[in-house]
Amino acid sequence: MLLSSLYVFLVLFLIGEILVFATQGPVNFVCLHSVKPSLRPLSMAISTVSIHIFGDVPSSPLVGILQDKLNNWRTSALILTSVFFLAAGIWFIGIFLPSVDRYEEDSEHLGTRVEQPDVTPLLESKVANGDSTSASL
């Protein structure tokens, strides 16, 4: 935000967007591998709703309050992007923490088997009896 060149700004903005959304991968990994496989869809749903409730909802009013106090967009943008450096430091520390996948992919579904009922569909039974009108449907 402090540069006057549009092209340099666009390149740095692109790099910043990639880095901001790169944090979503580890969040999804933690959400998926910290619960039983049967609860993974619920875990992702709760994660997505939480991100929106605690991030998107309060961010607009807070940015507005900050901008009203400072009355300078460049300073406001610089303060807000500096928060990402704190988050990057926390993610960097998290790299060195040991991680354990508590629920392996196949462990819950080893003994399960889906049994199909021995029932023929209605359409096939009518065709077998010689009813040609139902076969043309």
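Thresholds applied
Residues numbered from 1 in each chain as written. Predicted model: local features only at pLDDT ≥ 70, side-chain atom pairs only at ≥ 80, totals over all residues. Heavy atoms only, no water. UniProt positions renumbered as here; feature names shortened; annotations may be inferred. Helix = DSSP H or I, 4+ residues; strand = E, 2+ residues; numbered from the N terminus. Buried < 20%, exposed > 50% of the residue type's maximum accessible area, 1.4 Å probe, protein only. Contact = heavy atoms within 4.5 Å. Areas by Shrake-Rupley, 256 points an atom, 1.4 Å probe, with all protein chains shown as cover. Axes fitted to C-alpha atoms, helices over the stretch in contact; angles between N-to-C directions. Parallel < 35°, antiparallel > 145°, perpendicular 65-115°, else oblique. Left-handed = near helix turned anticlockwise from the far one by under 90°. Nonpolar A, V, L, I, M, F, W, Y, C, P; charged D, E, K, R; others polar.

If you check an unreviewed UniProt entry, the protein appears there as Major facilitator superfamily (MFS) profile domain-containing protein from Lactuca virosa. Within the UniProt record for the protein, the comment given under Sequence similarities (unreviewed entry) is "Belongs to the major facilitator superfamily. Phosphate:H(+) symporter (TC 2.A.1.9) family." As its UniProt record puts it under Subcellular location (unreviewed entry), the protein is described as follows: "Membrane".

K.L.:
Can you break down the overall build of the protein residue by residue, with the values?
P.N.:
Counting its secondary structure elements, the protein contains 6 helices and 0 strands. Along the chain direction, N to C, the helices and strands of the protein fall in the order α-α-α-α-α-α. In the protein, which comprises 137 residues, the proportion classed as buried is 8%. Expressed as a percentage of contacts within the protein between residues at least 6 apart in sequence, the contacts between residues at least 24 apart total 52%. Put simply, the protein shows about 11,700 Å² of open surface, and 69% of that area lies on carbon and sulfur atoms.

K.L.:
Would you mind going over the packing of helix α3 (residues 40-70) against helix α4 (residues 73-95) in detail, with residue names and values included?
P.N.:
As a packed pair, α3 and α4 sit with axes 9 Å apart at the nearest point and diverge in direction by 135°. As far as their axial angle goes, α4 and α3 are oblique. Classified by chirality, the crossing of α4 by α3 is right-handed. Here V63, L66, Q67 and L70 of α3 come into contact with α4, specifically with W73, T75, S76, I79 and L80. Tallied by class, residues from the contact of α3 with α4 come to 6 nonpolar, 3 polar and no charged.

K.L.:
Describe the UniProt feature "transmembrane region" (unreviewed entry) in the protein, listing the residues and the values that go with them.
P.N.:
The UniProt entry lists residues 46-66 and 78-97 under the feature "transmembrane region" (unreviewed entry), expressed in the numbering used here. This span, residues 46-66, is 100% helix and 0% strand, and a straight line between its end C-alpha atoms measures 29 Å. Spanning residues 78-97, this segment combines 90% helix with 0% strand, and its end C-alpha atoms are found 30 Å apart.

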